[in-house]
Amino acid sequence: MKVLSFRKGEIIYTPYDEIEGVMVIKEGKVKIYFLDKNGKEISIDILSEGEVFGRFDGLSEEWAECVEDCKIVFISKEEIKKLKPSISAIIIENLIKKNNLYKRRIRDFSFLPLEERTEEIIYYIAQKLGKKNHKYVELSLSHEEIASFVGATRECVTKTLKVLEDKGKVKRKRKKIVLYITEKELENDKNKKLLWQE
């Protein structure tokens, strides 16, 4: 078990690295994504402090990249076998939650229209990356970044944000998204009624 340090924008691992084990985020945030055959990024998740990720075989095609300076606790495959059952249970529970989240993302890709996918992903990422105060949550997120999460082109996301704006949910200005919602409401995953891009 060892603590690894990474700078913002640094790649933790690629599909070509021979890494087997679990990583626990001690500090910072990590983006998990894939690249299609044309090199287009397909984002899967943003992970924050205390969350677990990693790989146990050489077949994974995911990339892991720091979106902030990070400290990562790496536990090798062999070390995992020696952990106390209580610690192993926590890791397994975390990985099961991630698996359920990813299955939900697959369902959303399959059944939800782009407008709903866009609204949901903005809300979800705001929970991870948003700057919070007592009145609103601010999130810096480009149309290109949103597109990589919802499986659409930047142009389609721009049009979708225009639809949300026409419905009174989004106001576009200066490449920042602001949710006029309290931090408590955001953490409780409730009250999605007002999304603003400012």
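The structure reproduced in this document is the subject of the present report. Everything quoted here is computed from the prediction, not taken from an experiment.

## Here we look at the sheet that holds strand β6 (residues 52–55)
The strand order β1-β8-β3-β6 describes an open sheet built from four strands, whose pairing is antiparallel. Two strands close off the open sheet at either side, each with one partner strand: β1 (2–6) and β6. Shown here is a sheet whose adjacent strand axes are inclined to one another by a mean of 30 degrees, direction ignored. By the bridge criterion, four bridges tie strand β3 (residues 21–27) to β6 in an arrangement that is antiparallel. Bridge pairing links Val22 to Gly54 in β6. Taken strand by strand, helix α2 (residues 85–111) contacts β3, β6 and β8 (70–76), and its axis lies near 85 degrees from that of β6.

## Considering helix α4 (residues 143–150)
For an α-helix, the turn length of 3.6 residues means that residues three or four places apart are oriented alike. The buried fraction of α4 amounts to six of the eight residues, a majority that puts the element mostly inside the structure. Every buried residue of α4 is accounted for by His143, Ile146, Ala147, Ser148, Phe149 and Val150. Taken from the residues just after α4, Gly151 is the one with a positive phi, measuring 70 degrees.

## Quick word on the nonpolar core
In this structure, Ile121, Ile125, Ile146, Val150 and Val157 are the most contacted members of the largest nonpolar core, which totals 20 residues. Taken together, the elements giving at least two residues each to this core come down to α3 (114–129), β10 (137–140), α4 and α5 (154–166). Sequence-distant contacts of Ile146, defined by excluding residues within four places in its chain, comprise Thr118, Ile121, Ile122, Leu141, Val157, Leu161 and Ile177. Listed in part, the 15 residues of the second largest apolar core include Phe6, Ile25, Val30 and Ile44.

## Brief notes about the packing of aromatic side chains
Enumeration over the complete set of coordinates arrives at three aromatic pairs. With 6.3 Å between their ring centres and 90 degrees between their planes, Tyr16 and Trp63 make a pair best called edge-to-face. A residue pair is termed long-range when its members are at least 10 positions apart, and Tyr16 in the loop between β2 (11–13) and β3 and Trp63 in strand β7 (residues 63–66) qualify at 47 residues. Chaining the aromatic ring pairs together yields one cluster made of Tyr16, Tyr33 and Trp63. One cation-aromatic arrangement involves Lys31 over Tyr33; the distance from NZ or CZ to the ring centre is 5.3 Å.

## Describing the sheet that holds strand β4 (residues 30–35)
Working definition: the strands of a sheet are paired by backbone hydrogen bonds and lie parallel or antiparallel to each other. Strand order in the open sheet formed by four strands is β2-β7-β4-β5, with antiparallel pairing between adjacent strands. Strands at the two margins of the open sheet, each flanked by one partner only, are β2 and β5 (41–47). Taking the axes of each pair of neighbouring strands and ignoring which way they run, one obtains an average angle of 30 degrees across the sheet. In terms of strand pairing, β4 meets β7 through four bridges, oriented antiparallel. Residue pairing for β7: Tyr33 is matched across the bridge by Trp63.

## Describing the pairing of β3
Where β3 meets β8, six bridges bridge the pair, whose relative direction is antiparallel. Bridging from a neighbouring strand, Met23 pairs with Phe74 of β8.

## Here we look at the packing of α2 against α3
Between α2 and α3, the shortest axis-to-axis distance is 11 Å and the interhelical angle comes to 155 degrees. With respect to their mutual orientation, α2 and α3 come out roughly antiparallel. In this structure, α2 meets α3 at a crossing whose hand is left-handed. The residues of α3 that touch α2, namely those facing Lys98, Leu101, Arg104, Arg105, Asp108 and Phe109, are Arg117, Glu120, Ile121, Tyr124 and Lys128. The residue inventory of the contact of α2 with α3, partitioned by class, reads four nonpolar, no polar and seven charged.

## A short note on the pairing of β4
Two elements, β4 and β5, share six bridges in a ladder whose sense is antiparallel. Paired with Ile32 across the strands is Asp45, a residue of β5. The antiparallel pairing of β4 with β5 creates a hairpin that spans five residues between the two strands, and Gly39 there sits at a positive phi of about 85 degrees.

What counts and how
- Residues numbered from 1 in each chain as written.
- Predicted model: local features only at pLDDT ≥ 70, side-chain atom pairs only at ≥ 80, totals over all residues.
- Heavy atoms only, no water.
- Pairing = 2+ DSSP bridges.
- Helix = DSSP H or I, 4+ residues; strand = E, 2+ residues; numbered from the N terminus.
- Axes fitted to C-alpha atoms, helices over the stretch in contact; angles between N-to-C directions.
- Contact = heavy atoms within 4.5 Å.
- Buried < 20%, exposed > 50% of the residue type's maximum accessible area, 1.4 Å probe, protein only.
- Core = buried A, V, L, I, M, F, W, Y, C linked by side-chain atoms within 4.5 Å.
- Phe/Tyr/Trp six-rings, centres within 6.5 Å; stacked < 30°, edge-to-face > 60°.
- Lys NZ or Arg CZ within 6 Å of the ring centre and 35° of its normal.
- Parallel < 35°, antiparallel > 145°, perpendicular 65-115°, else oblique.
- Left-handed = near helix turned anticlockwise from the far one by under 90°.
- Nonpolar A, V, L, I, M, F, W, Y, C, P; charged D, E, K, R; others polar.

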